[in-house]
Amino acid sequence: MKNVGWLVAASLALASCGEMGSGIGSDDLLNAGDDTSNWITHGRTYSEQRYSPLDLINEDNVSELGLAWYADMDTARGQEATPLVIDGKLYLTTAWSKVKAFDAATGAPLWEFDPEVPGETAVKACCDVVNRGLAAWGDKLYFGTLDGRLIALDRETGKVAWEKVTVDQSQSYTITGAPRIIDGKVLIGNGGAEFGVRGYIAAYDAKNGEELWRFYTVPDEPSEDDPEYLKAAAETWSGEWWEMGGGGTVWDSMAYDPDLNLLYIGVGNGSPWNRAYRSPGEDGTGDGDNLYLSSIVAIRPDTGEYVWHYQTTPGETWDYTATQHIMLADMEIDGAERQVLMQAPKNGFFYVLDRATGEFISAEPYIPQSWALGIDENGRPIENPEARTEKTGQPAMVMPGPLGGHNWHPMAYNPDENLVYIPAFEAAAIYAPEEGWKPDPNRGFNVGYNLGAGDLPPDLEIRKQVYGTVRGKLLAWDPVAQEARWEIEHPGPWNGGLLATGGGLVFQGNSSSEFNAYNASSGEKLWSFPAQTGVVAPPVTYSINGEQYVAVLAGWGGAYAITADGGLVKDAKPVQNISRLLVFKLGADGELPPIPELAALPLDPPPSRASADTIALGAQKYARYCAVCHAPAAVGSTVLPDLRRSGTLQNRDSWQAVVHDGILSANGMVSFEGSLSREEIDAIREYVIKRANEDRDAGIS
Ligand code: CA
């Protein structure tokens, strides 16, 4: 640590009563905001502001920023991690939950660790095999793996100290989020709400992985022994929701206020999405708020005791998670100094709450949205009845769609400007209730909607027009006025997380393969670096020997990238995945190697000869079981195999060997034998053959 003189070291040893030995302790985490050399916790501080006071790189000299070093990753999947920097060393997680350590000044590799997540785990992940980062405590690093383990590594050597399975691995739980650590308790949740799990967060002893408490976000089948907060929640559900898990996973955001002794967690969507199937009510069309879905919940970090909650989307039915970044700050509102909590959840509204009590202060839409007419003075949405597709039974185009107005990509805060920077996203979706839907506990995206309903026709002009309406934005949001002070429109959606600095800068990578710096007060673009690949992860900054560094993990992937990227529009340049850590400092002039050619297989399908009925069956099964990884309407992506170009299209037996027999399960393509008959698997092949012919005929090569 920068400020560890003998005095501080001595007081740390006293404060910790010898429990943790040397290294990161509570005082370091509580004072992380002042420690500009390091970046020791996910959001830089417990308040998760992602603001560094460092100003050595600033508006006047940022044009001299250059590449100091880079490191290639060994995974070509989505890279979403926030690196940690401790005492001149940089640690990060990559896709497939691998961990790497570098000298933060030179880039010299120090060690790496591969938890050997089984390839078949990939089918449990809704949104790519990503990992968002580590936590540090004592002389150890902690992270979750895609298959649900929590692992403690020796920070010096990368050797395993302990590991603990935190989920029922027979269910579709995954971990992609970064742990946080409060007073020696490692906090981690999990994902899987598209696959029928019941969400929770738990605390584990940093010393040995012992589970200390577990906080479920949704009720199980009611019982006398339930805690009061779950008894209250059960009143807001109907039917036998526990049979389908309920959802409410805590897959990303947390924040902590040490003075109030409150841990804040963001809770995800319902399982299934369609409320009529999850909590049918008396008439079967859906009823109830379904607590604590889509809520921000405050709990005691020492015991897991419930304190308060605020539900952003009561009775959610659109995949509107409240797992998005939770940020704490103090500011004057209506003449009073308020301790606030802020969030821009998927539902498109920016919320300001009193973080001591959960009292609603204000909410305004940060993107155009169509599900609500506004939020009333009690903080309850005034719904647009047409968007309640599970009630009407009719398909509805709703803005935003399941990717939200803002997804997991971290925001950042500038206290001088009192601005919250939001990586926002505008994309509507068609929600079409699937009649007679039944959950499949084995495989597939279990949401209760027909996921093929929004598929675009083969006509490239129409596709181009629709995709022209999808955009990404960097918003500089004034949380008091509840409006954007400035905004940047990006050419594409799914842009990077954010960093704000005392140098008056905001850093962001984007889907146009750039890494940029903007003026914090005006939004003027001051510097840009060609990153060669889409950047979705958030940058960090640190200093060593009087020099400031900015680091960002580049590498295209994640939910949007795997489902909506490839070959949608003729002549559109697909975004490549080149997974690589990029590190910058003033005056550096490093260069990246030349961009490799994107090796696309030719689009050369066999002729389409199947009957219309077979193709329709294949389309239906494709939408439910294949589209979430291989893209709607089989348009493919650059991250996962583009099935239109698959060699197995030429040969029925090899297609069956993959989909039915699971010969590629080590790569993540597991057998679908338990969910799909051989006939259905053939029908999916015929559907993909038809789609490939359509796209070749439309001029895609
Ligand atoms: Ca979800």
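Residues numbered from 1 in each chain as written. Predicted model: local features only at pLDDT ≥ 70, side-chain atom pairs only at ≥ 80, totals over all residues. Heavy atoms only, no water.

## Focus on the sheet that holds strand E38 (residues 547-554)
- Read from one edge to the other, the open sheet built from 4 strands follows the order E2-E39-E38-E37, with strand pairing classed as antiparallel. Because the sheet does not close on itself, it has two edges, and the strands there are strand E2 (65-72) and strand E37 (540-544). Geometrically, the sheet is characterised by an average inter-axis angle of 25 degrees between neighbouring strands, direction not taken into account.
- Two strands pair when backbone bridges link them, and E2 and strand E39 (residues 580-586) are joined in this way by 7 bridges, in the antiparallel orientation. Each bridged residue has a counterpart across the sheet, and for Ala71 the counterpart in E39 is Leu581. (Pairing = 2+ DSSP bridges. Helix = DSSP H or I, 4+ residues; strand = E, 2+ residues; numbered from the N terminus. Axes fitted to C-alpha atoms, helices over the stretch in contact; angles between N-to-C directions.)

## Here's the deal with the domain arrangement of the chain
- Splitting the chain by domain gives domain 1 (1-131 + 145-151 + 483-598), domain 2 (166-407) and domain 3 (612-697).
- In this assembly, 26 residues from domain 1 lie in contact with 32 residues from domain 2.
- Each partner contributes to the roughly 2,300 Å² buried at the junction of domain 1 and domain 2, and carbon and sulfur atoms together form 59% of this total.
- Contact with domain 2 buries surface across domain 1, with Tyr46, Lys124 and Leu150 losing the most and accounting together for 30% of the total.
- Counting across the interface, domain 1 meets domain 2 through 1 salt bridge.
- For Glu48, the salt bridge identified is with Arg180, shortest N-O distance 2.9 Å.
- Taken together, the connections running from domain 1 to domain 2 amount to 11 residue pairs in polar contact (both at pLDDT 80 or more).
- Sorting the residues of the side of domain 1 that touches domain 2 by element identifies helix H2 (26-30), strand E9 (149-154) and helix H7 (559-563) as the ones contributing at least two each.
- For the side of domain 1 that touches domain 2, the element with the most residues is H2, which contributes 3 residues. (Domains from an automatic or database assignment. Contact = heavy atoms within 4.5 Å. Buried area = accessible area lost by both parts, 1.4 Å probe. Salt bridge = Lys/Arg side-chain N within 4 Å of Asp/Glu carboxyl O. Polar contact = N/O pair within 3.5 Å; in protein donor to acceptor, adjacent residues only side chain to side chain.)

## Focus: the coordination of the calcium ion
- Within the protein, the atoms that donate to the calcium ion are Glu194 (OE), Glu194 (OE), Asn269 (OD1) and Asp319 (OD), at distances of 2.4 to 3.1 Å.
- Written as a sequence motif, the donor arrangement for the calcium ion is E-x74-N-x49-D. With Glu194 in the loop between strand E12 (185-188) and strand E13 (200-205) and Asp319 in the loop between strand E20 (306-311) and strand E21 (326-333), this residue pair connects regions lying 125 residues apart in the sequence. Like Asp319, Glu194 is buried. (Donors = N, O, S within 2.8 Å, 3.2 Å for Na, K, Ca; no water. Buried < 20%, exposed > 50% of the residue type's maximum accessible area, 1.4 Å probe, protein only.)

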